[in-house]
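Each chain, written out:
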Amino acid sequence: MDGLKETIGSVCAISALICIIDGITSGTRLKNQMKFLLNLLFILVAVTPLLKGAADIELPKLSDFSISEVSASDSSYRAELERQTAENISSVLARQLEAAGIRFDKIETNVNISETNSISISSVTVAADDFDEAARIIRSSLGEDTEVLNDVS
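The sections below set out a description of the structure shown in this document. (Residues numbered from 1 in each chain as written. Predicted model: local features only at pLDDT ≥ 70, side-chain atom pairs only at ≥ 80, totals over all residues. Heavy atoms only, no water.)

Scanning the protein from terminus to terminus reveals four helices and three strands. Going from the N terminus to the C terminus, the protein shows its helices and strands as α-α-α-β-β-α-β. Every one of the 153 residues in the protein was classed for burial, and the buried ones make up 22%. Pairs at least 24 apart in sequence give 46% of the contacts found in the protein among residues at least 6 apart. Looking at the protein as shown, the accessible area adds up to about 11100 Å², and 59% of this sits on carbon and sulfur atoms. (Helix = DSSP H or I, 4+ residues; strand = E, 2+ residues; numbered from the N terminus. Buried < 20%, exposed > 50% of the residue type's maximum accessible area, 1.4 Å probe, protein only. Contact = heavy atoms within 4.5 Å. Areas by Shrake-Rupley, 256 points an atom, 1.4 Å probe, with all protein chains shown as cover.)

Written as structure tokens, this is what we have:
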């Protein structure tokens, strides 16, 4: 932390020096040469701590990571992917039912995503006033073999 404070202080001091020298040499032939030299000094001051710090960086060992963390992450990713996919499909079906003028209270889609990332819709549960028409619209969108369940609760 002290190194960062020193670096920031040095950069600020060099910046102020550049502004002062630029103001003093604004109308002289030395302006471009001084600006070049001060910019080199600025770069040197800004980069030196980074070069010193690069030698002190310690990379983590591969053995510090466990496969169980990755598989837990993968399973939570797949669960979230299935949830989001089911939500998106339910949203599309809801818009189709609304466009057909069918009132419904609830629509839920059960989705399974395989290891090859293919999506299969195992069932759709709908609570609608006209269940038969809602089931027909859902099957026309998702396929005739789609299981549509009536939620009577």
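Moving on: the pattern of salt bridges. One pass over the full model with this rule turns up seven salt bridges. Its salt-bridge partner being glutamate 80, residue arginine 83 comes within 2.5 Å of it at the nearest N-O pair. Here arginine 83 and its partner glutamate 80 are both found in helix α3 (residues 67-99), three residues apart, which amounts to about one turn of the helix. Residue arginine 83 is classed as partly exposed on the basis of its relative accessible area of 41%. In this structure glutamate 80 comes out as partly exposed when scored by relative accessible area, which is 39%. What emerges from the salt-bridge pattern is a single network uniting Glu80, Arg83 and Glu87. (Salt bridge = Lys/Arg side-chain N within 4 Å of Asp/Glu carboxyl O.)

Grouped together as the largest cluster of nonpolar side chains are 18 residues, with contacts concentrated most on Leu93, Leu97, Ile102, Ile107, Val126, Ile138 and Val148. Secondary structure elements with two or more residues in this core: α3, β1 (104-113), β2 (119-128) and α4 (131-142). If we skip the residues at most four places from it in the chain, leucine 97 touches Ile102, Phe104, Ile107, Val126, Ala134 and Ile137. Core analysis: the second largest hydrophobic core is formed by five residues, Ile14, Ile18, Leu38 and Val45 among them. (Core = buried A, V, L, I, M, F, W, Y, C linked by side-chain atoms within 4.5 Å.)

This paragraph deals with the side chain of serine 123. Mapped onto the elements of the fold, serine 123 is located in strand β2. A polar contact is formed between the side chain of serine 123 and the side chain of asparagine 110, at a distance of 2.7 Å. Setting aside chain neighbours within four positions, we find serine 123 in contact with Glu108, Thr109, Asn110, Glu147 and Leu149. (Polar contact = N/O pair within 3.5 Å; in protein donor to acceptor, adjacent residues only side chain to side chain.)

The next subject is the side chain of serine 90. As for its placement among the helices and strands, serine 90 is situated in helix α3. Residues within four places of serine 90 in sequence aside, it is in contact with Ile107, Glu108 and Thr109.

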